[in-house]
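Working through the structure, step by step
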Amino acid sequence: MSVELVRRSVRAGGHLIAYQDAGPVDGPVVILLHGLASDADTWDKAVGLLAEHGLHVLAVDLLGHGESDKPDNDYLLVDFTESLARFMDALDVPSATLCGHSFGGAIAMFFGTRYPDRVERVVLVSAGGLGREVHPALRAAALRVAPRVLRAAMSPRMRRVYARPGLHRALGLTADNVENLRRAGRALGTAEGQAAFFASVRGVIAPSGQRTASEDMRAFAERVPMLLIWSEGDPVIPVQHAQAHAARAGTNSRLVIFPTRGHEPHRRNAERFADEVAEFLRSS
């Protein structure tokens, strides 16, 4: 079945928010929230599959990311939460299932502490906020010197080097690896995008590791129906975070571990990902 995906934008909370819209407008609403240095295109392999299950899918470019506005902002979890609430207001969406990847998962949990009645269910995909450990590159991004290093790394000369196919082959990069790098390049290619990235990082990560979820976030996460999807060999956020949360939450959560490596199970295992999310939404 062919599903039409439409790219739209809406003014929400005084800012233009870009998003992708697919699936029946009368279907259960699922809002997809991407991670750091990314945009809604991270869901490109899953959006159509989710829509084929009868879900109304809204994949958002978070404030400061993708085609959305990039204001001079603190980019704390509360800022993303309020932006998402105004986005839902603008589209007349009273409540929805929130599906967050990586940093987007932390936003979904924080949103639930502020607007619990607007969250029907939560899907966490290799999500942040459940433990301290995180990839060293993200801890390094929280250092004061990091913006200066990134500016040098993203100079026009260096970007031409990164674009060489020969380099991709020499490094053994897959097509997915290259697409992820291109998406990160778009996110970090402007001064405004870099400022949004570093502000977002500092809100949730310190050089010593993740700033773990607040008591309110943990309480919400253990109360709301939740599906956790992870890769067995996630090099960015270890699967043990999901296992520990599932053990605490008991029957209110379900953990699915894909037997693959990588930090994007929604891309590498898109069909199974969509099936698991659809089944979760159909369950009582």
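Preceding block: the structure.
Report follows, based on the coordinates. (Residues numbered from 1 in each chain as written. Predicted model: local features only at pLDDT ≥ 70, side-chain atom pairs only at ≥ 80, totals over all residues. Heavy atoms only, no water.)

Some details on the packing of helix H3 (residues 103–114) against helix H10 (residues 215–223)
Running from amino to carboxyl end, H3 crosses H10 at an angle of 95 degrees, the nearest separation of the two axes being 8 Å. Considered as vectors, H3 and H10 are oriented roughly perpendicular to each other. Contacts between H3 and H10 involve Ala 106, Ala 108, Met 109, Phe 110, Gly 112 and Thr 113 on the former and, on the latter, Asp 216, Met 217, Phe 220 and Ala 221. (Axes fitted to C-alpha atoms, helices over the stretch in contact; angles between N-to-C directions. Helix = DSSP H or I, 4+ residues; strand = E, 2+ residues; numbered from the N terminus. Parallel < 35°, antiparallel > 145°, perpendicular 65-115°, else oblique. Contact = heavy atoms within 4.5 Å.)

Overview of the environment of Arg 132
Within the fold, Arg 132 resides in the loop between strand S6 (119–125) and helix H4 (136–141). Sequence separation between Arg 132 and Ser 208 is 76 residues; the distance between their C-alpha atoms is 8.2 Å. Setting aside residues up to four positions removed in sequence, Arg 132 forms contacts with Ser 208, Gly 209, Gln 210, Arg 211, Thr 212 and His 241. A polar contact of 2.8 Å, which involves the side chain of Arg 132, links it to the side chain of Ser 208. (Polar contact = N/O pair within 3.5 Å; in protein donor to acceptor, adjacent residues only side chain to side chain.)

A word on a negative patch on the surface
A grouping of Glu 52, Glu 271, Asp 275 and Glu 279 is seen on the molecular surface, where their side chains present a negatively charged patch. At three residues, helix H13 (residues 270–282) tops the list of elements feeding residues into the negative patch. With respect to the helices and strands, Glu 279 occurs in helix H13. (Patch = residues over 30% accessible without salt bridge, like charges linked within 9 Å, V, L, I, M, F, W, Y side chains within 5 Å. Areas by Shrake-Rupley, 256 points an atom, 1.4 Å probe, with all protein chains shown as cover. Salt bridge = Lys/Arg side-chain N within 4 Å of Asp/Glu carboxyl O. Lys, Arg positive; Asp, Glu negative; His and termini not counted. Charge placed at Lys NZ, Arg CZ, Asp CG, Glu CD.)

Description of unusual backbone geometry
Here Asp 92, not a glycine, exhibits a phi torsion of approximately 55 degrees, which is positive. Structurally, Asp 92 can be placed in the loop between helix H2 (77–90) and strand S5 (96–101). One non-glycine residue, Ser 126, adopts positive backbone phi at about 45 degrees. The residue Ser 126 is located in the loop between S6 and H4 in this model.

A short note on the side chain of His 101
Mapped onto the secondary structure, His 101 falls in strand S5. With a relative accessible area of 4%, His 101 lands in the buried category. Those residues within four positions of His 101 in sequence are excluded, and the remaining contacts are Leu 33, His 34, Gly 35, Trp 43, Val 125, Ser 126, His 263, Glu 264 and His 266. (Buried < 20%, exposed > 50% of the residue type's maximum accessible area, 1.4 Å probe, protein only.)

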